[in-house]
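Chain by chain, the residues run as shown.
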Amino acid sequence: MTTHTEDSFLRQQARTQRFTLGTPREFRISPDGSRVLFLRSASGTEQRNSLWCLDVESGRETRIVDPATLGDHDELSAAERAARERTRTQAGGIVGYTTDAGCRLAVFSLSGRLFVVDLTGDHDVRELPVTGSVLDPRIDPTGRHVAYVAGSTLRVVAVDGTGDHALAGPADSDGDDVEWGLAEFLAAEEMGRSRGYWWSPDGERILTARTDRSAVRRWYIADPANPDQPANRVAYPAAGTDNVVVSLAVVDLAGVRTPVGWDNVELPYLTSAHWSAGGPPLLAVQSRDQRRQVILAVDPDAGTTEVRQEVTDPHWVDVVAGVPAWTPDGRLVTAGARDGAYRVFVDGEPVTGTELQVRAVLDAGADDVLFTASDADPTQIHVYATGEPTRLSDVDGVHGATRSGDVTVLVSWSMAFDGPRATVRREGKPVGEIASLAVVPPLSPQVTLLTVGARDLRCALLFPTGHRPGSGKLPVLLDPYGGPHAQRVLHARNSYLTPQWLADQGFAVLVADGRGTPGRGPDWDRAIAWDFAEVAVADQVAALAAVAQRYPDDLDLTKVAIRGWSFGGYLAAAAVLRRPDVVHAALAGAPVTDWRLYDTFYTERYLGHPDANPEVYERNSLMPDAQGLSRPLMLIHGLADDNVFAAHTLRLSAALLAAGREHTVLPLTGVTHMSPTDERAAESFMLLQLNWLKRALGL
């Protein structure tokens, strides 16, 4: 059994939340560009985020709010825990904040309490007396009022703490199924929309969502380790079943409500909303099959809507972060697929070419649109401004940005350095840097990035530190995600810390991005439509064969294992079940095993409705493959997972048992869709996987 000390890589990785603690994030720039606000923990091992301010001219950083001084104990309500689970937030302290338009005041919550801080004077922090446990507080653009959600009700309070009152809440007849001001599960988990209300630019009204989950089936998550505790009852919209009903209203500060009208039966999904000074509120709504998207402009006085754009696609219309949006002078910014590329459009006209694959829109400015995109190399993501377009990021790597006026904060990850670098630029020229306090990882990944095979699959190959090519064959460990929305092969050193540790245990580790993974364009994404398993497994097998051809003296193809989590867990199990001639052992963490048990928005997007396409669901299910298992398989699942329920693993295990197929199941008590975070448990968890893999491969 491999063992490690208190300072082992695994302990440090857990202690530092994968070496992200101490890195700055959540930037806000004052309108005059003189100050940059951000969140950062005080060290690379401190769990709590503080609110900081950088004075751009002097370069001096000041901690404005230390949550420890406010009695923060991270006592979270069930709603707050659920919200953090959706965004995979593990850090504590201040996890989010908003400012008024002038960056004079900021608001945030701690353990359900509401605070406001003066950003320009002596940084006075005041707790506002409010009703209930606070969720998602947002200050209005004028800095006069703060809206927040308590229970199922949207409320508002003045910044001086007076006048706390409800704006919109469930009626007595609604019961426990209606909420105001919160994003429903699908929006937060699958659409990238984590909020449920939006302030008007003048701070006089709020566009708010009303969600009704009364028709959604209830599932139960029990804690077998604590049988005296009741099961958690959740509304989960599994594929083919009823969704939450989402509607909208405009509410003024007196609580006068104007319903917003659109056909939420034909277009039930609210994927995005936007309200800025550039125009009336904007909505992006989609049909259930996601082949039709309509952009609506809302008349906030009458509640009527006007179609501003309609897009259809034979497969699906993509949800692109940051759009729709208005430019300050009232032009409509959208993004989507056209001519084989993801492009940015202004008033319907493309302002980017087909040489780029747009990832997200960052800022709709008066003179240009700031966005992220990949060029011919999908392993890199750069920041661009429309026009030429002009690339703002000048280092190979993965980049993002926040902009206000002529000041931009550029955040960069690269193979050339550890962790992110946050550079402040004015008119494109560096004028400062925000320090990262992250712990430097104790190992340095030695990564070879490859493009292989007929499909130009992007791969990363890692050998044990000090391995010389040709010095001996190594067992192979495939380490993919391999599905939509997540890309593993990136030009960023920190992406390969765990793969390098695994390689150092005596493996050649291969990470490959197949069809459906981001960065390669609409046709690449749509290649997995109706056929998750066959396509994903085929691309892993093709990548392995092509890399082995290049390194015939280094990869032992008689000893190949695969590990993965979530979609990667599904892929790992599918690979060992369907290609045992190639893959000889699999670790499948939190795997989807039957897509009828996964949510509507994600599953129906790629596989269609199960009533219309039962054969597609059968073909992509792992249950029929159970009788053919001939290689070692370990299934791992958190019993508190409310995204991929433990039922997936338990049902496959039952099918394997019925077929007389030996396998291993590791249940993780109290663990959600995120793997264990406790330092000792996280280390033991990885060591257990490592030793099981070695035994399974006969090492």
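Small disclaimer: the values here were computed from a predicted structure and weren't measured.

**Q** How do you make sense of the pattern of salt bridges when you look at a structure like this?
**A** Note that side chains of opposite charge can pair when their charged atoms are close. Overall, the coordinates contain 40 salt bridges when judged by the stated rule. For the salt bridge of R213 with E179, the shortest nitrogen-to-oxygen distance reads 3.5 Å. Remark: E179 occurs in strand 14 (residues 178-180) and R213 occurs in the loop between strand 16 (205-212) and strand 17 (218-221); sequence separation between them is 34 residues. E179 gets classed as buried once you look at its relative accessible area, which sits at 18%. With its nearest N and O atoms 2.9 Å apart, the salt bridge here joins R193 to E184. Residue classification places R193 among the buried positions, given a relative accessible area of 4%. Among the charged side chains, a network of salt bridges with common partners joins R11, R15, E679 and E683.

**Q** Explain the pairing of strand 36 (residues 429-434) here, please?
**A** Pairing of strand 35 (residues 417-426) with strand 36 involves five bridges; the strand directions are antiparallel. Across the sheet, A422 pairs through a bridge with I434, a residue of strand 36.

**Q** Can you help me understand the sheet that holds strand 35 in this one?
**A** Strand pairing in a sheet relies on backbone hydrogen bonds, with the paired strands running either antiparallel or parallel. Spatial ordering of the open sheet is given by 33-34-35-36, a layout of four strands whose pairing is antiparallel. At either end of the open sheet lies a strand with only one pairing partner, and these are strand 33 (398-404) and strand 36. Strand-to-strand twist across the sheet, computed as the mean angle between neighbouring axes with direction ignored, equals 25°. Pairing of strand 33 with strand 34 (residues 407-414), which is carried by seven bridges, proceeds in the antiparallel orientation. By the bridge assignment, R403 is partnered in strand 34 with T408.

**Q** Looking at this structure, how should I read the nonpolar core?
**A** Nonpolar side chains tend toward joint burial in soluble globular proteins. C459, F532, V547, L555, W595 and L633 are the most contacted members of the largest nonpolar core, which totals 73 residues. Top contributing element to this core by residue count: helix 6 (residues 532-550), with eleven residues. L633 has contacts with A573, V576, A586, A588, L656, H663, T664 and W692, leaving out every residue within four places of it along the chain. Counting 33 residues, the second-largest nonpolar core is a separate cluster that includes M634, I636, F685 and L690.

**Q** Even after reading the chapter, I still don't get the packing of aromatic side chains, so can you show me in this structure?
**A** To describe a pair of aromatic rings, one takes the distance between the centres and the angle between the planes. The final tally for this structure, using the stated rule, is 25 aromatic pairs. In this structure an aromatic cluster arises from ring pairing among W316, Y481, F532, F567, Y570, W595, Y598, Y602 and Y606. In this structure, R28 packs its charged tip against the face of Y97, placed 4.7 Å from the ring centre. Directly above the aromatic system of F417 lies the positively charged group of R421, at a separation of 3.9 Å from the ring centroid.

**Q** Help me understand unusual backbone geometry, please; the structure alone is not making it clear to me.
**A** Excluding glycine, most residues fall at negative phi; most peptide bonds, likewise, are trans. The omega torsion across V323 and P324 is 5°, close enough to zero to call that bond cis. Position of P324 among the secondary structure elements: in the loop between strand 24 (305-312) and strand 25 (325-326). Each neighbour pair has its own omega, and for E388 with P389 the value is 5°, a cis peptide bond. Tracing the sequence through the fold places P389 in the loop between strand 31 (382-385) and strand 32 (390-391). Notably, D347 is not glycine yet its phi reads approximately 50°, a positive angle. For D347, a relative accessible area of 46% corresponds to the partly exposed category.

Conventions we followed
Per chain, the residues get numbers from 1 upward, laid out in the order the sequence is written. Only residues with pLDDT of 70 or above have their local features reported here, since the model is predicted, and side-chain atom pairs are shown and tallied only from 80 upward, although totals for entire chains, interfaces and linings are computed over all residues. Just so you know, side-chain values use all the structure's heavy atoms and leave hydrogens and water out. Salt bridges, as used here, are contacts in which a Lys or Arg side-chain nitrogen is within 4 Å of a carboxyl oxygen on Asp or Glu. Each helix is a run of H or I in the DSSP string that is no shorter than four residues. Each strand is a run of E no shorter than two, and both are numbered from the N terminus. Relative accessibility thresholds used throughout: buried, under 20% of the residue-type maximum; exposed, over 50%; partly exposed, between the two (1.4 Å probe, protein chains only). Should DSSP find at least two bridges between two strands, the strands are taken to pair. As a rule, the C-alpha atoms of each element are fitted with a line to give its axis, helices using only the stretch in contact, and angles between N-to-C directions run from 0 to 180 degrees. Think of a nonpolar core as a cluster: buried Ala, Val, Leu, Ile, Met, Phe, Trp, Tyr and Cys residues, connected wherever their side-chain atoms sit within 4.5 Å. In what follows, a contact means two residues having at least one pair of non-hydrogen atoms within 4.5 Å. Two aromatic rings from Phe, Tyr or Trp, using only the six-membered ring of Trp, form a pair when their centres are within 6.5 Å; if the ring planes differ by under 30 degrees the pair is stacked, by over 60 it is edge-to-face, and anything between is tilted. The criterion is that NZ of a Lys, or CZ of an Arg, lies within 6 Å of the ring centre and within 35 degrees of the ring normal, and then a charge sits over that ring.

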